[in-house]
Structure formats: structure tokens, C-alpha cells
Amino acid sequence: MLIREMRSEDKPRERFQISPRLASNTDLVAILLRTGRQGHSVMEIAKEVVDLLERETGINGYEDLNWRDLTDIKGIGPDKAVTICAAVELGRRLSLICDKRKLVSFSAPDKVAAFFMEKLRHENQGKRKIK
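Conventions adopted
All residue numbers here refer to positions counted from 1 along the written sequence of the relevant chain. This being a predicted model, a pLDDT of at least 70 is required before a residue's local features are given, and a value of 80 or more before pairs of side-chain atoms are given or counted; all residues contribute to the totals for chains, interfaces and linings. Excluded from the side-chain calculation are hydrogens and water; included are all heavy atoms of the structure. In this text, buried Ala, Val, Leu, Ile, Met, Phe, Trp, Tyr and Cys residues form a nonpolar core when linked through side-chain atoms within 4.5 Å. When accessible area is computed with a 1.4 Å probe and restricted to protein chains, residues below 20% of their type maximum are described as buried, those above 50% as exposed, and intermediate ones as partly exposed. The way it works is that DSSP assigns letters per residue, a run of H or I at least four long becomes a helix, a run of E at least two long becomes a strand, and they are numbered from the N terminus. In what follows, a contact means two residues having at least one pair of non-hydrogen atoms within 4.5 Å. In what follows, salt bridge is the name for a side-chain nitrogen of Lys or Arg lying within 4 Å of a carboxyl oxygen of Asp or Glu. Helix span, expected: 1.5 Å multiplied by one less than the number of residues in the helix. Here the axes come from fitting lines to C-alpha atoms, over the contacting stretch only for helices, and the angles between their N-to-C directions go from 0 to 180 degrees. In this scheme, a crossing is called left-handed if the near helix is turned counterclockwise away from the far one by less than a right angle; it is called right-handed if the turn is clockwise. Any residue with relative accessible area above 30% and no salt bridge may belong to a patch, with like charges joined within 9 Å and the nonpolar Val, Leu, Ile, Met, Phe, Trp and Tyr side chains within 5 Å. Shrake-Rupley sampling with a 1.4 Å probe provides the accessible areas, and residues are treated as covered by the protein chains on show and by no other component.

### Looking at the nonpolar core
Argument step 1. The biggest cluster of nonpolar side chains holds 18 residues, and the ones touching the most others in it are Val29, Leu33, Val49, Leu70, Ile73, Ile76 and Ile84.
Argument step 2. For this core, the secondary structure elements donating two or more residues are helix H2 (25-33), helix H3 (42-56) and helix H5 (78-102).
Argument step 3. Examining the composition of this core, we find that eight residues originate from one element, H3, more than from any other.
Argument step 4. Apart from residues lying up to four places away in sequence, Val29 is in contact with Ala46, Val49, Val50 and Ile84.

As C-alpha cells, this is what we get:
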């Protein structure tokens, strides 16, 4: 279904404007993509992207995401692929900043783990951080 054929409350941008939490991952990707391809709506392509991301992300999460992988989807060229990967990277970086602000002290092992978990969980092998 084309965006213009959807009810206003079902459109990705409008749903996001009501509340970002109402928007699905497919909605968010559709907002980034902006347009579909001939014969396929932006929602269909966004669903393909989300399916690929869910299928391809393993233990390292989105850390191994490469924009070239997304160009295998018809309708996703380098510009759209880089836009999606940039949004994922921005989210990853912002999550690191937010986690650090919530950390009060290193008074317990779980607080130390919370501090390093997001940064180190994408590593393929253990690393020792000493400063």
C-alpha cells in the first residue's frame, strides 16, 4: 500500500509525530528512506530492510553492519544504505553517552558491568581496558 493511500494515523511520519514510541522499526526505516521503487511502496522496502537487519545481526548486533549489504535490496542504493547505517551508528553512539550519564559510581560489580557492557559486547574477543 502506498503512503498516500494510508489513513493519516497509519502513516509513519504522522505516527512518529504523535509519539516516537508508536513507530515500528519498519516505520522508522521508511521515514529514513522517504521513497519506494516503481511498483513497491516505501513500506515494502523498509520491511525488507528490517527483515535483513533482523536476519543478519548475530551476537555482534549491528556492529558488523555494512552499507554495501543493504544495496542487495532492490530500491536501496548507496545513498539510502549509508543513511540507514548512519542512523544505526548514531543510535549506538548516543546509547553509549546515555549509559554513562546514568552510572553513579563503581561501587558494585553490576555497575562496572553496566558501564562497559554496551561498548564491549560487540567485541569478538575479550579485551582489557586499563587507563
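### Section: the environment of Met117
Argument step 1. Within the secondary structure, Met117 is located in helix H6 (residues 109-120).
Argument step 2. Counting along the chain gives 21 residues from Met117 to Leu96, while the straight-line C-alpha distance between them is 9.6 Å.

### Thoughts on the environment of Leu96
Argument step 1. Structurally, Leu96 is set in helix H5.
Argument step 2. Each C-alpha atom, one on Leu96 and one on Phe115, is 8.7 Å from the other, the two residues being 19 residues apart in sequence.

### Details of the pattern of salt bridges
Argument step 1. The full count for this structure, using the stated rule, is seven salt bridges.
Argument step 2. Linking Arg37 and Glu48 is a salt bridge whose minimum nitrogen-to-oxygen distance equals 3.7 Å. Placement of the pair is Arg37 in the loop between H2 and H3 and Glu48 in helix H3, with a sequence separation of 11 residues.
Argument step 3. Where Asp51 meets Lys47, a salt bridge forms, and the shortest distance between an N and an O atom there is 2.7 Å. A residue pair is termed a helical-turn pair when its members lie 3 or 4 positions apart in one helix, as Asp51 and Lys47 do in helix H3 at four residues.
Argument step 4. According to the relative accessible area criterion, Asp51 is partly exposed, its value standing at 27%.
Argument step 5. What makes Lys47 partly exposed here is its relative accessible area of 42%.
Argument step 6. Within this structure, Arg7, Glu9 and Asp10 form a network of salt bridges that share partners.

### Quick word on H3
Argument step 1. The end-to-end C-alpha distance of H3 is 21 Å, a good match for the 21 Å that 15 residues give at a rise of 1.5 Å each.
Argument step 2. Within H3, burial applies to Val42, Met43, Ile45, Ala46, Val49, Val50, Leu52 and Leu53.

### Concerning the side chain of Ser41
Argument step 1. When you line up the elements, Ser41 lands in the loop between H2 and H3.
Argument step 2. Apart from residues lying up to four places away in sequence, Ser41 is in contact with Met1, Leu2 and Gly36.

### Notes on unusual backbone geometry
Argument step 1. Phi is positive for Arg34, close to 75°, though the residue is something other than glycine.
Argument step 2. Secondary-structure assignment places Arg34 in the loop between H2 and H3.
Argument step 3. A relative accessible area of 61% places Arg34 in the exposed class.

### Remarks on the packing of H2 against H3
Argument step 1. One can describe the packing of H2 onto H3 by two numbers: an axis separation of 8 Å at closest approach and a directional angle of 115°. As for the relative orientation of H2 and H3, their crossing is right-handed in sense. Touching Asn25, Thr26, Asp27, Val29, Ala30 and Leu33 of H2 are Val42, Met43, Ile45, Ala46, Lys47, Val49 and Val50, all from H3.

### Quick word on a nonpolar patch on the surface
Argument step 1. Taken together, the side chains of Leu90, Leu94 and Ile97 present a nonpolar region at the surface, about 260 Å² in accessible area.
Argument step 2. You can see Ile97 is positioned in helix H5.
Argument step 3. A relative accessible area of 40% means that Ile97 is categorised as partly exposed.

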